[in-house]
Amino acid sequence: MHSRLQEQAARDPLTGLYNRRNLGETLKNDKKLADQEHYPLSILMIDIDRFKSINDHYGHQCGDQALVWLSEQFGKTIRANDYIYRIGGEEFLILLRNANPQTACQRAESIRNAVETSDFCYHGQPIDLSVSIGVATYPYHGVEIDSVIRAADKALYAAKANGRNRVQVCSGTLMG
């Protein structure tokens with residue numbers, strides 16, 4: 001019973017994805033393993049473009065269904081040893097193990113393209129969805145996981161500022 005409660009607390013009730021509460025410990029453990037095994041960890045920060053307008057125009061039930069549908073799309077595009085987190089309203093984080101910046105960008109582009117080219121319908125009505133994705137990789141874009149997350153978040157905001165529905169890799173090396 002205790003382990004079932006712990007599992008429920010670590011998951012988002014709507015999407016079934018891991019939530020922000022579970023993120024810190026997982027990332028700390030993954031960084032430790034990446035250091036021991038000498039491989040990179042990439043972070044994809046994903047935000048649904050114009051999500052507020054979907055909620056405003058179609059209602060929150062449609063928005064909820066869009067979140068569940070997107071979670072399923074993300075799950076179809078990642079490897080079994082990667083993790084997807086819903087960290088806020090329409091914001092997600094994907095942890096890619098043993099993925100350098102180039103591989104992470106390719107995976108991010110696959111995710112972006114899958115969302116753009118797949119059909120999401122609400123009560124039979126097709127609704128266009130797109131995502132913007134920021135990419136950063138440990139240890140290339142920071143020596144601490146928190147700084148890599150900040151770098152991916154900064155890249156996400158750049159993707160949105162540059163027109164949305166795009167992948168943006170962190171520019172430069174960040175320390176900290």
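This section reports on the structure supplied with the text. It should be emphasised that the depicted structure is a prediction, and the values quoted were computed from it without experimental measurement.

Locating Glu90 in the fold gives a position in the loop between β3 (83-86) and β4 (91-97). In this structure, the C-alpha to C-alpha distance between Glu90 and Glu109, residues 19 residues apart in sequence, is 18 Å. Setting aside residues up to four positions removed in sequence, Glu90 forms contacts with Ile46, Asp47, Ile48, Phe51 and Leu67.

What follows concerns the nonpolar core. Counting residues in hydrophobic clusters, the biggest one holds 29 residues, and the most contacted among them are Leu44, Ile46, Phe74, Ile94 and Leu129. Setting aside its immediate chain neighbours within four residues, Ile46 contacts Phe74, Glu90, Glu91, Phe92, Ile94, Ile111, Val131, Ser132 and Ile133. Ala34, Tyr39, Leu95 and Ala136 belong to the second largest nonpolar core, which has 22 residues in total.

With that settled, the discussion passes to the side chain of Asp49. Note on placement: Asp49 falls in the loop between β2 (41-48) and α3 (51-58). Among the polar contacts made by the side chain of Asp49, one reaches the main-chain amide nitrogen of Val131 at a distance of 3.5 Å. Each residue touching Asp49, except ones within four places of it in the same chain, is listed here: Ser130, Val131, Ser132, Lys160, Arg164 and Asn165.

Moving on: the sheet that holds strand β8 (residues 167-169). An order of β1-β3-β4-β2-β7-β8 is seen for the 6 strands of this open sheet, with the pairing classed as mixed. Looking at strand neighbours, the two that pair on one side only are β1 (18-19) and β8, the edges of this open sheet. Here strand β7 (residues 131-138) pairs with β8 via 3 bridges, running parallel. Considered in β8, the bridge of Ile133 is made with Val167. Across the sheet, helix α2 (residues 20-37) lies against β1, β2, β3, β4 and β7, angled at about 150° from β3, the strand it touches most. Sitting on the sheet, helix α4 (residues 60-77) is in contact with β2, β3, β4 and β7, with an inclination near 10° to β4.

A rise of 1.5 Å per residue sets the reference length of helix α6 (residues 145-161), with its 17 residues, at 24 Å; its end C-alpha atoms lie 24 Å apart and thus fit the reference within 8%. For α6, the set of buried residues is Ile145, Ser147, Val148, Ile149, Ala151, Ala152, Ala155, Leu156, Ala159 and Lys160. Two residues or fewer after α6 comes Gly163, characterised by a positive phi angle close to 120°.

By convention here, two paired aromatic rings are described through the distance between centres and the angle between planes. Going through the model one piece at a time under the given rule, you end up with 5 aromatic pairs. Geometrically, the ring pair formed by Phe74 and Phe92 is edge-to-face, given 5.0 Å between the ring centres and 80° between the ring planes. On the criterion of sequence distance, the pair formed by Phe74 in helix α4 and Phe92 in strand β4 is long-range, its members being 18 residues apart. With respect to burial, Phe74 and Phe92 carry one shared label: buried. Consider the rings of Tyr83 and Tyr85, whose centres lie 6.2 Å apart with planes at 35°: the pair is tilted. Since its relative accessible area comes to 0%, Tyr85 is described here as buried.

Moving on to the state of the cysteines. Within this structure, the stated rule accounts for 0 disulfides. Of all cysteine sulfurs in the structure, the one in Cys62 sits closest to Cys121, which takes part in no disulfide; the separation is 10 Å. Given a relative accessible area of 41%, Cys121 falls into the partly exposed group. No disulfide involves Cys170; its sulfur sits 10 Å from the nearest other cysteine sulfur, which is in Cys105. Among the residues examined, Cys170 registers a relative accessible area of 8% and is labelled buried.

The buried fraction of β2 amounts to 8 of the 8 residues, a majority that puts the element mostly inside the structure. Here β2 shows a buried face lined by Leu41, Ile43, Met45 and Asp47 and a second buried face lined by Ser42, Leu44, Ile46 and Ile48. Pairing of β2 with β4, which is carried by 7 bridges, proceeds in the antiparallel orientation. Looking at the pairing, Ser42 lines up with Leu96 of β4. As judged from the 8 bridges shared by β2 and β7, these two strands associate in the antiparallel manner. Residue pairing across strands places Met45 opposite Gly134, the latter belonging to β7.

About the thresholds
Residues numbered from 1 in each chain as written. Predicted model: local features only at pLDDT ≥ 70, side-chain atom pairs only at ≥ 80, totals over all residues. Heavy atoms only, no water. Helix = DSSP H or I, 4+ residues; strand = E, 2+ residues; numbered from the N terminus. Contact = heavy atoms within 4.5 Å. Core = buried A, V, L, I, M, F, W, Y, C linked by side-chain atoms within 4.5 Å. Buried < 20%, exposed > 50% of the residue type's maximum accessible area, 1.4 Å probe, protein only. Polar contact = N/O pair within 3.5 Å; in protein donor to acceptor, adjacent residues only side chain to side chain. Pairing = 2+ DSSP bridges. Axes fitted to C-alpha atoms, helices over the stretch in contact; angles between N-to-C directions. Expected span 1.5 Å × (residues − 1). Phe/Tyr/Trp six-rings, centres within 6.5 Å; stacked < 30°, edge-to-face > 60°. Disulfide = S-S within 2.5 Å.

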